[in-house]
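# Tertiary structure, described
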Amino acid sequence: MTTIFYESIAVANLIDRDGISLRYEPGWEQRASAFPVSLTMPLRSAIYGPDLIMPWLANLLPEKHLSEIGQQLKISPQDIVGLLLRLGRDTAGAFSIGEPRRDGNHFRVVPDEAALERILNALPERPFLVGEKGVSMSLAGVQDKLPVFVGEDGNIAIPVDGTPSTHILKPDIKRLAGSVQNEAFCMTLARLCGLDAAEATTGRAGKRDYLLVKRYDRIADGQGTIRRIHQEDFCQLLGLFPSEKYERTGLGQRGGATLAQMFDALARTVSPAERLKLLDAVIFNILICNADSHSKNYSVLVGAAGTAKLAPLYDLMCAAVYKQVDQSLPQLIGTKRSASELHEDDWRQLATSIGLSPAVVVRRVRALCATVVSNLDLASEASSLLKRDVGANLSFHIRKRCQRIERQLGR
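The present account deals with the structure reproduced in this document. (Residues numbered from 1 in each chain as written. Predicted model: local features only at pLDDT ≥ 70, side-chain atom pairs only at ≥ 80, totals over all residues. Heavy atoms only, no water.)

Turning to helix 8 (residues 259-269), a few remarks are in order. Listing the buried residues of helix 8 in full gives Leu-259, Met-262, Phe-263, Ala-265 and Leu-266. End-on view of helix 8: buried residues confined to an arc of 160°, all on one side of the axis. Taken together, the buried residues of helix 8 touch helix 7 (234-238), helix 9 (275-287), strand 15 (299-302), strand 16 (308-310) and helix 10 (344-354). (Buried < 20%, exposed > 50% of the residue type's maximum accessible area, 1.4 Å probe, protein only. Helix = DSSP H or I, 4+ residues; strand = E, 2+ residues; numbered from the N terminus. Arc of directions from axis to C-beta. Contact = heavy atoms within 4.5 Å.)

Okay, the environment of Tyr-210 next. Within the secondary structure, Tyr-210 sits in strand 11 (residues 208-214). Overall, the relative accessible area of 10% leaves Tyr-210 in the buried class. Placed 90 residues apart in sequence, Tyr-210 and Leu-120 show a C-alpha to C-alpha distance of 9.0 Å. Those residues in contact with Tyr-210 that sit more than four places away from it in its chain are Leu-116, Leu-120, Ile-156, Leu-169, Lys-170, Pro-171, Val-180, Thr-201, Thr-202, Gly-203, Arg-204 and Ala-205.

Take the environment of Gly-131 next. Topologically, Gly-131 is positioned in the loop between helix 5 (113-122) and strand 7 (146-150). Along the primary structure Gly-131 and Gln-72 are separated by 59 residues, whereas in three dimensions their C-alpha atoms are 6.6 Å apart.

Buried residues dominate strand 3 (residues 20-24), accounting for four of its five residues. The pairing of strand 2 (residues 9-16) with strand 3 spans five bridges and is classified as antiparallel. Looking at strand 3, one finds that Asp-16 is bridged to Ile-20. Looking at chain direction, strand 3 and strand 4 (residues 47-48) are connected through two bridges and run antiparallel. (Pairing = 2+ DSSP bridges.)

On to the sheet that holds strand 2, then. Spatial strand order, 4-3-2-1-5: five strands in an open sheet with antiparallel pairing. At either end of the open sheet lies a strand with only one pairing partner, and these are strand 4 and strand 5 (95-97). Where strand 1 (residues 2-6) meets strand 2, five bridges bridge the pair, whose relative direction is antiparallel. Looking at the pairing, Thr-3 lines up with Asn-13 of strand 2. Against the sheet, helix 2 (residues 50-58) makes contact with strand 1, strand 2, strand 3, strand 4 and strand 5, and its axis sits at roughly 95° relative to strand 3, the strand it touches most. (Axes fitted to C-alpha atoms, helices over the stretch in contact; angles between N-to-C directions.)

This part is about the packing of helix 6 (residues 179-192) against helix 11 (residues 358-382). At their nearest, the axes of helix 6 and helix 11 sit 9 Å apart, and the two run at 130° to each other. Comparing their axes, helix 11 and helix 6 come out oblique. The two elements helix 6 and helix 11 cross, and the hand of that crossing is right-handed. Taking contact as the criterion, the partners of Phe-185, Thr-188, Leu-189 and Leu-192 in helix 6 are, on helix 11, Val-372, Asn-375, Leu-376, Leu-378, Ala-379, Ser-380 and Ala-382. Its residues assigned to classes, the contact of helix 6 with helix 11 shows eight nonpolar, three polar and no charged. (Parallel < 35°, antiparallel > 145°, perpendicular 65-115°, else oblique. Left-handed = near helix turned anticlockwise from the far one by under 90°. Nonpolar A, V, L, I, M, F, W, Y, C, P; charged D, E, K, R; others polar.)

The next point concerns unusual backbone geometry. At Asp-161, a residue that is not glycine, the phi angle is positive and equals roughly 55°. Turning to its location among the elements, Asp-161 is positioned in the loop between strand 8 (156-159) and strand 9 (167-171). One non-glycine residue, Asp-315, adopts positive backbone phi at about 55°. Looking at the secondary structure, you find Asp-315 in the loop between strand 16 and helix 10.

Using the criterion set out here, one finds eight aromatic pairs in the structure. Residues Tyr-6 and Phe-35 carry aromatic rings whose centres are separated by 5.4 Å and whose planes lie at 80° to one another, so their mutual orientation is edge-to-face. Residue Tyr-6 is located in strand 1, and its partner Phe-35 is located in the loop between helix 1 (26-29) and strand 4; the two are separated by 29 residues in the primary sequence. Considering the side-chain rings of Phe-107 and Phe-149, the 4.5 Å spacing of their centres and the 20° angle between planes classify their relative orientation as stacked. Taken together, the residues span a long stretch of sequence, with Phe-107 in strand 6 (residues 107-109) and Phe-149 in strand 7 at a distance of 42 residues. Members of the aromatic cluster, each reached through a chain of ring pairs, are Tyr-6, Trp-28, Phe-35 and Phe-95. (Phe/Tyr/Trp six-rings, centres within 6.5 Å; stacked < 30°, edge-to-face > 60°.)

Here it is in structure tokens:
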């Protein structure tokens with residue numbers, strides 16, 4: 001039996017009997033401030049089977065480097081629970097797998113830029129610093145990244161013994177030139193356009209640029225101890241595995257998360273009113289050509305008694321500046337996979353499928369086109385480390401895309 005903890009409190013147990021199942025601890029269910037592991041598994045005296053718990057667990061692990069992690073830990077990459085027992089003390093959201101955290105904040109400070117550069121260079125072979133004493137953390141996704149603790153002095157440290165990380169450090173992607181500046185620009189642009197997006201800054205360690213994203217699922221209490229806030233991504237909310245994050249799962253195949261499913265899940269488990277925020281996020285991602293805005297890159301924050309709201313945006317990047325990147329839409333709009341083919345009828349089809357007014361959806365597309373274009377110059381000026389030619393290139397491609405999408409609204 002494996003226990004899931006919030007801080008030092010036992011929340012639920014994973015029971016390995018005819019497949020992994022989950023049962024909440026009675027003491028957790030009786031707490032007035034308790035919240036569910038997932039909105040798909042409400043607090044009540046019931047056992048939830050592997051069809052619900054296994055996708056939720058799988059989405060806490062990275063999609064890349066599982067072979068390297070398994071080799072380091074001598075655990076099969078297919079053993080989801082076994083991997084999380086070693087990596088799961090600091091994951092997305094509020095829970096620790098297998099062990100509670102130690103009281104207080106515990107970390108090892110990275111002494112200088114050279115040390116940080118060495119850590120970043122080693123991440124492909126040692127994801128999440130796997131194997132280091134006291135280090136147990138995991139993040140979903142395919143990009144190399146590292147959860148870190150940033151104190152009031154600004155020093156970067158590695159959290160240990162279940163201490164929550166406060167930031168996510170994302171090093172530059174070598175095959176995508178200027179990826180750090182690109183993401184910083186798009187995150188800044190989203191905030192300037194009035195969307196709720198995670199705070200991000202940039203830094204440099206030797207020859208490596210990096211993005212430092214403040215975690216919105218972490219908060220400091222009055223004593224300075226970092227506490228976790230629960231979240232789950234839309235794959236978890238839909239009970240899908242990470243491989244199903246795109247609407248299409250293979251060439252010529254249909255499957256995976258659709259926008260209709262995502263909006264329906266949000267309306268059922270959170271609030272119908274949150275659909276307008278998700279709509280704006282989907283439109284914005286299309287306007288900036290974020291070709292990786294799949295269902296794992298949208299999340300909800302979960303509070304006491306299962307109250308929830310849409311989480312801030314994250315993982316925003318413009319793919320239009322990279323010719324080698326597939327720029328198809330992660331989820332279809334109407335029947336279209338290419339933004340260049342979108343016309344008003346496609347947006348109206350989307351509106352019908354997600355239960356919103358076609359006129360409202362078209363109006364919001366038009367308004368966001370204008371808002372994005374009007375804030376491009378400000379985003380260039382506000383993004384640190386952004387070279388002038390990089391900002392100009394991003395602005396050119398996003399402006400051109402917005403203008404085309406707006407022009408085709410009348411067709």
